[in-house]
Amino acid sequence: MQVFIGLGSNLDNPAAQLKSALAAIRAHSEITLICCSPFYRSIAVGPPQPDYVNAVAELQTNFKPEPLLDALQAIENDHGRVRTEHWGARTLDLDLLLYGDTTLNTLRLTVPHPWMTTRNFVLRPLCDIAPELVIPGGDAVESYLAGVGDQGLTRLDEDN
């Protein structure tokens, strides 16, 4: 299954956190990392906190959505993720954005991610790796990005 995930961090060297998360994904026996977008610095959503570093990665997996969520949350936990404040600062956030053309709404998981079409820190990196992608039940990723723009985003150097 083709999957897209959002990566974000704003604590403990955010770019290094994303690189480490990508290494953990590469090392996972049930997940294949296909590609990752460039990293972007973005203004935090939610309470006052440091800026984030964000990216989007394309994966292949045979995991069903909720077991994939479990695997992603295990990687977050291994990176010191603590869930104390909604939209608060974090060492690592791995969001399941798209799971093929599946739409899902359970107590634990909503796919496509419910806010992805309004967040430029998701849309810009997603456009970098899959500009023609169409959101299930919606429009092309590029059209959503055109609506929200790139304000507040800064592409980081290749070395991050």
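The shown structure was predicted, so the numbers you read here are calculated from the model rather than taken from an experiment.

Peer 1: What should I look at first to understand the overall build of the protein in this one?
Peer 2: The number of helices and strands found in the protein is four helices and eight strands. Across the protein, helices and strands are ordered from the amino to the carboxyl terminus as β-α-β-β-β-α-β-β-β-α-α-β. A globule of 160 residues ought to have a C-alpha radius of gyration of about 15 Å, and the protein, at 14 Å, matches this closely. Across its three principal axes, the protein shows a C-alpha extent of roughly 35 × 35 × 30 Å. By residue count, 47% of the 160 residues in the protein fall in the buried class. Here the protein displays about 7900 Å² of accessible surface, and carbon together with sulfur accounts for 50% of that area. Separation of charge centres in the protein, based on 11 positive and 20 negative side chains, amounts to 3 Å.

Peer 1: Would you mind going over unusual backbone geometry with me for this structure?
Peer 2: Glycine aside, residues mostly have negative phi, and peptide bonds are mostly found in the trans state. Pro 112 follows Val 111 through a cis peptide bond whose omega is -5 degrees. Tracing the backbone shows Pro 112 in the loop between strand E7 (110–111) and helix H3 (120–129). Notably, Asp 12 is not glycine yet its phi reads approximately 55 degrees, a positive angle. Judged by relative accessible area, which is 59%, Asp 12 ranks as exposed. The backbone of Asn 13 shows a phi angle near 60 degrees, a positive value even though the residue is not glycine.

Peer 1: Sorry, what's going on with the environment of Asn 77 here?
Peer 2: One can find Asn 77 in helix H2 (residues 65–78). For the pair Asn 77 and Ile 5, spaced 72 residues apart in sequence, the C-alpha to C-alpha distance is 16 Å.

Peer 1: I would appreciate a short explanation of the nonpolar core in the present structure.
Peer 2: The nonpolar side chains of a soluble globular protein tend to be buried with one another. Counting 27 residues, the largest nonpolar core has Ile 5, Leu 7, Phe 39, Leu 59, Leu 94 and Leu 96 as its most contacted members. If you list the elements that add at least two residues to this core, you get strand E1 (2–9), helix H1 (14–27), strand E2 (31–36), strand E4 (52–61), H2 and strand E5 (93–99). Setting aside chain neighbours within four positions, we find Leu 94 in contact with Ile 5, Gly 6, Leu 7, Ala 21, Leu 72, Ile 75 and Glu 76. Counting residues in hydrophobic clusters, the runner-up holds 18 residues, among them Leu 97, Phe 121, Leu 123 and Cys 127.

Peer 1: Whenever I open this one, the pairing of E1 confuses me. Can you help?
Peer 2: Strand residues, when the strand is regular, have side chains that alternate between the two faces of the sheet. For E1, a buried count of seven out of eight residues is recorded, marking the element as mostly surrounded by other parts of the structure. Inspection of the sheet shows E1 paired to E4 by eight bridges, in the antiparallel sense. Bridge pairing in E4 links Ser 9 to Val 53. Where E1 lies against E5, six bridges are found, and the strand directions are antiparallel. Bridging from a neighbouring strand, Gly 6 pairs with Asp 95 of E5.

Peer 1: Even after reading the chapter, I still don't get the packing of H3 against helix H4 (residues 141–148), so can you show me in this structure?
Peer 2: The N-to-C vectors of H3 and H4 enclose an angle of 135 degrees; their axes lie 9 Å apart at closest approach. Comparing their axes, H4 and H3 come out oblique. Read as a crossing pair, H3 and H4 show a hand that is left-handed. Two secondary-structure elements touch here, H3 through Asn 120, Leu 123, Arg 124, Leu 126 and Cys 127 and H4 through Val 141, Glu 142, Tyr 144, Leu 145 and Val 148. Grouping the constituent residues of the contact of H3 with H4 by class yields seven nonpolar, one polar and two charged.

Scoring rules and cut-offs
- Residues numbered from 1 in each chain as written.
- Predicted model: local features only at pLDDT ≥ 70, side-chain atom pairs only at ≥ 80, totals over all residues.
- Heavy atoms only, no water.
- Helix = DSSP H or I, 4+ residues; strand = E, 2+ residues; numbered from the N terminus.
- Rg over C-alpha atoms; globule rule 2.2 N^0.38 Å.
- Buried < 20%, exposed > 50% of the residue type's maximum accessible area, 1.4 Å probe, protein only.
- Areas by Shrake-Rupley, 256 points an atom, 1.4 Å probe, with all protein chains shown as cover.
- Lys, Arg positive; Asp, Glu negative; His and termini not counted.
- Charge placed at Lys NZ, Arg CZ, Asp CG, Glu CD.
- Core = buried A, V, L, I, M, F, W, Y, C linked by side-chain atoms within 4.5 Å.
- Contact = heavy atoms within 4.5 Å.
- Pairing = 2+ DSSP bridges.
- Axes fitted to C-alpha atoms, helices over the stretch in contact; angles between N-to-C directions.
- Parallel < 35°, antiparallel > 145°, perpendicular 65-115°, else oblique.
- Left-handed = near helix turned anticlockwise from the far one by under 90°.
- Nonpolar A, V, L, I, M, F, W, Y, C, P; charged D, E, K, R; others polar.

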